[in-house]
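One letter stands for each residue in the lines below.
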Amino acid sequence: MRLLAGTRLSVAQVSRELGFADTAYFCRFFRRQTGSTAGAFRRSAGGGPAAEITTITGSRPSNSDDVQP
């Protein structure tokens, strides 16, 4: 859920990052566990594809080493 809400990774990239070989299986698993699709969760979390990793204060990281590629 953190990867979907707080990164620019696509749903497919999140599924691979978590070790799922099949994105469709990840989506079914996510829906079974949360009651929501991964895309709907991301939209409700305000995360869309342009989401940025933010600090607790809501600002962008100041150190370029902290930014995900």
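Given the structure is predicted, the values throughout are model-derived calculations rather than measurements.

Across its full length, the protein chain holds 4 helices and 0 strands. Ordered by position from N to C terminus, the α and β elements of the protein chain give α-α-α-α. Taking all 69 residues of the protein chain together, 19% fall into the buried category. Residue pairs in contact within the protein chain that sit at least 24 positions apart in sequence constitute 46% of those at least 6 positions apart. Approximately 5000 Å² of the protein chain is accessible, and the part contributed by carbon and sulfur atoms is 53%.

Membership of the largest hydrophobic core is limited to 7 residues, which are L4, V14, F20, F26, F30, A38 and F41. If you list the elements that add at least two residues to this core, you get α3 (23–34) and α4 (38–44). Apart from the residues within four sequence positions on either side, A38 is in contact with L4, V11, F26 and F30.

Quick look at the packing of aromatic side chains now. Aromatic ring pairs are defined here through the distance separating the ring centres and the angle between the ring planes. Summed over the entire model, instances satisfying the criterion amount to 5 aromatic pairs. With a centroid separation of 5.2 Å and an interplanar angle of 65°, the aromatic rings of F20 and F26 are classed as edge-to-face. For the pair F20 and F26, one class covers both residues: buried.

Our focus in this paragraph is the side chain of T7. The residue T7 is located in the loop between α1 (2–6) and α2 (11–17) in this model. Taking relative accessible area as the criterion, T7 reaches 11% and is therefore assigned buried. From its side chain, T7 meets the backbone oxygen of L3 in a polar contact 2.5 Å long.

On to α3, then. Given a rise of 1.5 Å per residue, 12 residues ought to cover 16 Å, and the 16 Å separating the end C-alpha atoms of α3 matches this to within 8%. Between the side-chain oxygen at the start of α3 and the backbone nitrogen of A24 there is a gap of 3.2 Å, and the oxygen is on D22. Taken from the residues just after α3, G35 is the one with a positive phi, measuring 80°.

A few words now on the environment of R16. Within the secondary structure, R16 sits in helix α2. Taking the C-alpha atoms as reference points, R16 and F26, separated by 10 residues in sequence, lie 8.9 Å from one another.

Rules used throughout
Residues numbered from 1 in each chain as written. Predicted model: local features only at pLDDT ≥ 70, side-chain atom pairs only at ≥ 80, totals over all residues. Heavy atoms only, no water. Helix = DSSP H or I, 4+ residues; strand = E, 2+ residues; numbered from the N terminus. Buried < 20%, exposed > 50% of the residue type's maximum accessible area, 1.4 Å probe, protein only. Contact = heavy atoms within 4.5 Å. Areas by Shrake-Rupley, 256 points an atom, 1.4 Å probe, with all protein chains shown as cover. Core = buried A, V, L, I, M, F, W, Y, C linked by side-chain atoms within 4.5 Å. Phe/Tyr/Trp six-rings, centres within 6.5 Å; stacked < 30°, edge-to-face > 60°. Polar contact = N/O pair within 3.5 Å; in protein donor to acceptor, adjacent residues only side chain to side chain. Expected span 1.5 Å × (residues − 1).

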